[in-house]
Amino acid sequence: MRYIEIMDTTLRDGEQTSGVSFSASEKLALAQLLLTDVKVDRIEIASARVSEGEFRAVKKITNWAKENGFLDKVEVLTFVDGEASINWMLESGATVMNLLTKGSMNHLVHQLKKTPEAHFEDIQKVIALAQSKGISANVYLEDWSNGMRNSPEYVFQFLDFLTTQPIRRVLLPDTLGVLTPAESYSFVKSIVERYPNQHFDFHAHNDYDLSIANVMEAVRAGAHGLHLTVNGMGERAGNAPLASAIAVLKDFMPEVTTGVVEESLYSISKIVETFSGLRIPANKPIVGDNVFTQTAGIHADGDKKNNLYFNELMPERFGRKRSYALGKTSGKANIENNLRELGIKLADEDLKKVTQRIIELGDRKEVVTQDDLPYIISDVLDTNAIEYKIEVLNYVLTHSKDLKPSATLKVKIEDEVFEENAQGDGQYDAFMNALKKIYEVKGKTLPQLTDYAVRIPTGGRTDALCETIITWNWNNKEFKTRGLDSDQTVSAIKATQKMLNLISL
Ligand SMILES: CC(=O)SCCNC(=O)CCNC(=O)[C@H](O)C(C)(C)COP(=O)(O)OP(=O)(O)OC[C@H]1O[C@@H](n2cnc3c(N)ncnc32)[C@H](O)[C@@H]1OP(=O)(O)O
């Protein structure tokens, strides 16, 4: 089996994401996790000369790496700038440089304004100097992909030159993310065949959303290593994402292997999300919040029947769990899956009612989570037990500055309809005052409200529902009623309606 070396460049190319800057401590923590938990083969942690902060970060990482035997896996991007980058490396303690050179005539002529011969001479000097100081070299051919399209003679002249140099690897970047999968294959293949003794890394960018397809084709063509970033961070549309690349190699390319630990990919993704502040889209493969959530009732039903809707991407591989969303597309099977996890069993009739309630909430765009389920169940079962003879048909509640809150309501008691309005200290108080007036007309009194408690189920982890529990005193006996709704006032009115029906029994 062919071993593919994984070089993670989250801390260098990933940090080139607009608006992202890791602190030195964050860089150290990520470097440690990447090398010891995720077990990538190498990490690129910075560009030389960038800043004082970057220098401190590199120094911290190299100190740790030296003590723990990882120094040879820690790389820094450097420039063809005589002694400048090398001196920076020496002071920071880094020992592997990824030398950025020009991989297309276009960049060479317009940016460095040099001939190929002059560029090669400069490169040779830098590599020799580095070697004399104990620094080993990998060489990036920047804009290599366009070079292969527009100036292949130059690229091959350059690669011929590199065969004469004491370097470890040649790094082939699709700097502008312009390659198609077919080109990734044919360009890498032509190079690997011509230089069988050289190690080539492929470095994709995601401008056309083709980075993973390109990575696959480069590996199929014989690339020996890949450059990836956690969450696909990187300049513009980013780099090829580590988690997706690892899953694709594992599932579609059995002829290759890597040293990366799949189970660690989700946790590193979350940590990088936190440190970078760059939110992971919910639908991002492997690491997005939604990618292991079945929302459709039919899919949940199929999972029950021989795992019909599973693919190779089992969440447990990545340290995650499958979940079943609750909303308007939930069917019974979805809800049963959630109930099973909570250890709750319901009769068929009750399950149907709970399902109906969840669909209603979903229709109102409320997001229902598993945490809400026990509340919904107890509300549905509680409401079931009561035969509703008294109904609050309509109401208007007002709240305005410097005016007393008021309420107008229409209530059906048995077959009679009553309408009243009243003011109060708050909207609910006004509602109760109007209700009292209706009951006075009928020559009845209402229980005394002794406690009124509002809570968001599960301490605020979900905001779909609000529960109001009202304690009443009726003929010296206390009882409680509960109302559940996404709106706090409505939940209180539901609790009150329950009370009206209980006292009429
Ligand atoms: C593929 C990639 O992602 S490459 C990413 C490389 N990393 C970075 O660019 C890190 C961030 N960059 C920086 O902090 C700065 O650009 C520095 C510190 C590297 C250089 O800063 P400055 O000296 O202010 O130069 P500035 O950024 O304006 O311009 C870049 C210079 O480097 C030159 N240059 C471009 N590529 C190279 C190279 N591979 N080797 C040497 N010099 C290069 C340019 O021609 C330009 O030189 P000029 O000013 O003589 O025309």
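Everything here concerns the structure above.
Everything numeric here is computed off the predicted structure, so don't read it as measured data.

Points about the sheet that holds strand β16 (residues 448–455)
Spatial strand order, β16-β17-β18: three strands in an open sheet with antiparallel pairing. The open sheet has two edge strands with one neighbour each: β16 and β18 (477–485). The mean inter-strand angle of the sheet, taken between neighbouring strand axes irrespective of direction, is 20 degrees. Bridge count for strand β17 (residues 466–474) against β18 is nine bridges, and the pairing is antiparallel. Across the sheet, W472 pairs through a bridge with F479, a residue of β18. In this fold helix α17 (residues 488–503) packs onto β16, β17 and β18, with an angle of close to 140 degrees to the strand it touches most, β18.

Here we look at the pattern of salt bridges
By the definition in use, this model includes 30 salt bridges. Its salt-bridge partner being R317, residue D251 comes within 3.0 Å of it at the nearest N-O pair. Taken together, the positions of D251 in helix α10 (residues 242–252) and R317 in the loop between α12 (297–304) and β12 (323–324) put the pair 66 residues apart, joining distant regions of the chain. Taking the relative accessible area as the measure of exposure, R317 reaches 14% and is therefore buried. Via salt bridges that share partners, E5, R42, E75, R169 and D201 belong to a single interconnected network.

Things to note about the site of the ligand
For the ligand, the set of nearby residues contains 14 residues, the closest of which are R12, S47, V80, L100 and K102. Contacts to the ligand include L100, whose backbone N or O atom sits 2.7 Å from a nitrogen atom. In this structure, a nitrogen atom belonging to the ligand sits 3.1 Å away from a side-chain N or O atom of K102. For the ligand, whose free accessible area comes to 1000 Å², the fraction covered by protein is 54%. Counting only elements with at least two residues in the shell around the ligand, the list comes to β4 (74–79), β5 (96–102) and α4 (105–112). When grouped by side-chain class, the residues that make up the shell around the ligand number six nonpolar, three polar and five charged.

About the cut-offs
Residues numbered from 1 in each chain as written. Predicted model: local features only at pLDDT ≥ 70, side-chain atom pairs only at ≥ 80, totals over all residues. Heavy atoms only, no water. Pairing = 2+ DSSP bridges. Helix = DSSP H or I, 4+ residues; strand = E, 2+ residues; numbered from the N terminus. Axes fitted to C-alpha atoms, helices over the stretch in contact; angles between N-to-C directions. Contact = heavy atoms within 4.5 Å. Salt bridge = Lys/Arg side-chain N within 4 Å of Asp/Glu carboxyl O. Buried < 20%, exposed > 50% of the residue type's maximum accessible area, 1.4 Å probe, protein only. Near = heavy atom within 4 Å. Polar contact = N/O pair within 3.5 Å; in protein donor to acceptor, adjacent residues only side chain to side chain. Areas by Shrake-Rupley, 256 points an atom, 1.4 Å probe, with all protein chains shown as cover. Nonpolar A, V, L, I, M, F, W, Y, C, P; charged D, E, K, R; others polar.

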